[in-house]
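Geometric and topological summary
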Amino acid sequence: MVNSHLDKIRSGALARAGALCDAQVEQAANLVAEYEADGVETVRLLFADQHGILRGKTVVTAALASAFASGIGMPSTLLLKDTAHKTVFPVWSDDVSVGDMALQGASDILAVPDPATACPVPWSPHSRIILCRVLDRELTPVTFSSTQVLGTAISGLQALGFSAVMGLETEFQVFERVDDGLDHRQATMPPSAVTTRNINAGWQFLTETRYGAAEALLDDIRRTAQQMGLAPRTVEIEMGPSQFEFTFDPSDPMAQAHRYVLFRTMVKEVCHRRGLHASFMAKPKLPNAAANGWHIHQSLLSNDSGENVFMPDETGALTPEAAAWIAGLLDNAPTSCLMTTPTVNGYKRYAPFQLAPNRVAWGRDNRGAMVRALLTPGDRASRVENRVADSTVNPYFALASQIISGSDGLRRGAQPPAPTASPYAEDAARLPQSLIAAVEAMEGSALYKETLGESFVTYLTHIKKAEWERYLMTVSEWEQDEYFNLY
């Protein structure tokens, strides 16, 4: 059977166009044969959209070889939606496009499965997941798609002679679901938020008793992540009610981004089956809820020596590469916020004295600073941690922003200011205070236009402006309380 699958995939449009290399063709054929032998019934072919949300189609195993041969068509509007899943580009007009890619008529894009990303679905053992790249109808990579954006950033860093290593911490909450939100009147766009209650009272950071109470749930999540190959490293009780943290082994950026979209999806699906609701929202509007951060640990390896170029000598002074990288992260922080803090809600996390940054500064092992330097002589794990992002990120865009910013610092030989011991002091520049401020910062960024193309900047800011405009037109509780009785 492997040979017949091999012939079919090798003669397909994707292999003929070079969208699948010979090694991928062989791996795909072996995967199809393996799934048939193991009785796998369905395969979920998924890609990360502009918000880092997995979308796609489920095929029966008998159709998988065809998907590897020709791809799977999906509406291009999936790339044109805001966080309410509303298409915010005029697809019924004659001239809608992003760059050179025409998008009128809700025409097709092509999802191309990457056999190297195949993984089990432990909560649904008859099924598997394969992540996909996105091509246009001419079998050209979509330049503004998630994996392509990160790939562009990685290639730019490789050209400078370095490879990035990234580690992640992600915070999230798990609540008991009181109301599914499935009443007809709640089926709005976006749907009404479900009603929840806490599963613990919080405010006992890293205590054993809190871990013991949540152990069955956390074991379920941790074991599932391990079975999927997501490489979880630690499982932690976080500060707030019902709040937890997982960290992941350091790896190359693309693998780390793949892990995170799979992890976030898995947590939500596993919890839903338990009657729970998992949320990675930056700052939930719930009494006493804490904000959720997404901390990016990053170091550089020399492509020549394989050594960590951030590791300082015995003096402890910053290496030239570490200094330039930190400076690049700081100099480009405002223009990168749209990639690290992509929602209206995320900017409400930037509050002083809350273990989240609100200013552009770096410090040595200082958790209030935006960039926390963990650089020790002789420590091959020397790295910097950027604490600016929240858990709603598209990880491909967020990690790309770090690489693009740091690479800019390397190219310029940039130098950072002195480290701060007072990260909330008012003498440092503030991070953007709203989504629209971040949009405007990116619109003015020559770096992002040069690196990712002006069409990408226009594309992303258009989507985020649509979300901001919807937000502005919503009457808030603050407005009701402020004006309803007064006037």
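To be clear, the structure that these remarks concern was listed above.
What comes next is a walk through the structure.

Here is what the cut-offs are and how they apply
- Residues numbered from 1 in each chain as written.
- Predicted model: local features only at pLDDT ≥ 70, side-chain atom pairs only at ≥ 80, totals over all residues.
- Heavy atoms only, no water.
- Helix = DSSP H or I, 4+ residues; strand = E, 2+ residues; numbered from the N terminus.
- Rg over C-alpha atoms; globule rule 2.2 N^0.38 Å.
- Buried < 20%, exposed > 50% of the residue type's maximum accessible area, 1.4 Å probe, protein only.
- Contact = heavy atoms within 4.5 Å.
- Areas by Shrake-Rupley, 256 points an atom, 1.4 Å probe, with all protein chains shown as cover.
- Phe/Tyr/Trp six-rings, centres within 6.5 Å; stacked < 30°, edge-to-face > 60°.
- Expected span 1.5 Å × (residues − 1).
- Polar contact = N/O pair within 3.5 Å; in protein donor to acceptor, adjacent residues only side chain to side chain.
- Salt bridge = Lys/Arg side-chain N within 4 Å of Asp/Glu carboxyl O.
- Core = buried A, V, L, I, M, F, W, Y, C linked by side-chain atoms within 4.5 Å.
- Axes fitted to C-alpha atoms, helices over the stretch in contact; angles between N-to-C directions.
- Parallel < 35°, antiparallel > 145°, perpendicular 65-115°, else oblique.
- Left-handed = near helix turned anticlockwise from the far one by under 90°.
- Nonpolar A, V, L, I, M, F, W, Y, C, P; charged D, E, K, R; others polar.

Description of the overall build of the protein
On a plain count of helices and strands, the protein comes out with 14 helices and 17 strands. Here the protein has a C-alpha radius of gyration of 23 Å; the compact-globule value for 487 residues is 23 Å, and the two agree. Across its three principal axes, the protein shows a C-alpha extent of roughly 65 × 60 × 55 Å. Looking at the protein as a whole, 55% of its 487 residues are labelled buried. Relative to all contacts within the protein whose residues are 6 or more apart in sequence, the contacts with residues 24 or more apart total 71%. Accessible surface, the protein as shown: approximately 21300 Å² in total, 52% of it carbon and sulfur.

Quick notes on the packing of aromatic side chains
Counted under the stated rule, the structure contains 17 aromatic pairs. Summarising the aromatic geometry, the rings of phenylalanine 172 and phenylalanine 246 are spaced 6.0 Å apart at their centres and angled 35 degrees between planes, so their arrangement reads as tilted. Within this pair, whereas phenylalanine 172 is found in strand S9 (residues 162-179), its partner phenylalanine 246 is found in strand S12 (residues 243-251), the two being separated by 74 residues in sequence. Phenylalanine 246 carries the same exposure label as phenylalanine 172, and that label is buried.

Overview of helix H7 (residues 253-273)
The terminal C-alpha atoms of H7 lie 30 Å apart, and with 21 residues this matches the ideal 30 Å at 1.5 Å per residue to within 8%. When you tally the buried positions in H7, you get 15 out of 21 residues, the bulk of the element. Capping of H7 at its N-terminal end is provided by aspartate 252; its side-chain oxygen lies 3.2 Å from the backbone amide nitrogen of methionine 254. Looking at the residues trailing H7, positive phi occurs at glycine 275, about 80 degrees.

Remarks on the pattern of salt bridges
Enumeration according to the criterion identifies 19 salt bridges in this entry. Residue arginine 470 is joined to aspartate 82 by a salt bridge in which the shortest nitrogen-to-oxygen separation is 3.0 Å. Here arginine 470 is found in helix H13 (residues 454-472), whereas its partner aspartate 82 is found in the loop between strand S3 (72-75) and strand S4 (97-98), with 388 residues between them in sequence. By relative accessible area, aspartate 82 is classed as buried at 1%. Here aspartate 180 and arginine 177 are joined by a salt bridge, their closest N and O atoms 2.4 Å apart. When salt bridges that share partners are traced, they join Asp365, Arg372, Glu385 and Arg387 into one network.

Side note on the nonpolar core
With 136 residues, the main nonpolar core has Phe263 and Tyr459 as its most contacted residues. Beyond its immediate chain neighbours, meaning those up to four positions away, phenylalanine 263 contacts Thr170, Phe172, Ile221, Ala225, Leu230, Phe246, Phe248 and Phe280.

What about the packing of helix H1 (residues 2-10) against helix H3 (residues 22-38)?
Taken N-terminus to C-terminus, the directions of H1 and H3 make an angle of 135 degrees; their axes are 8 Å apart at the nearest point. In terms of axis orientation, H1 runs oblique to H3. For the crossing formed where H1 meets H3, the hand is right-handed. Contact residues: Val2, His5, Leu6, Ile9 and Arg10 in H1; Val25, Glu26, Ala28, Ala29, Asn30, Val32, Ala33 and Glu36 in H3. Class assignment for the residues of the contact of H1 with H3 results in eight nonpolar, two polar and three charged.

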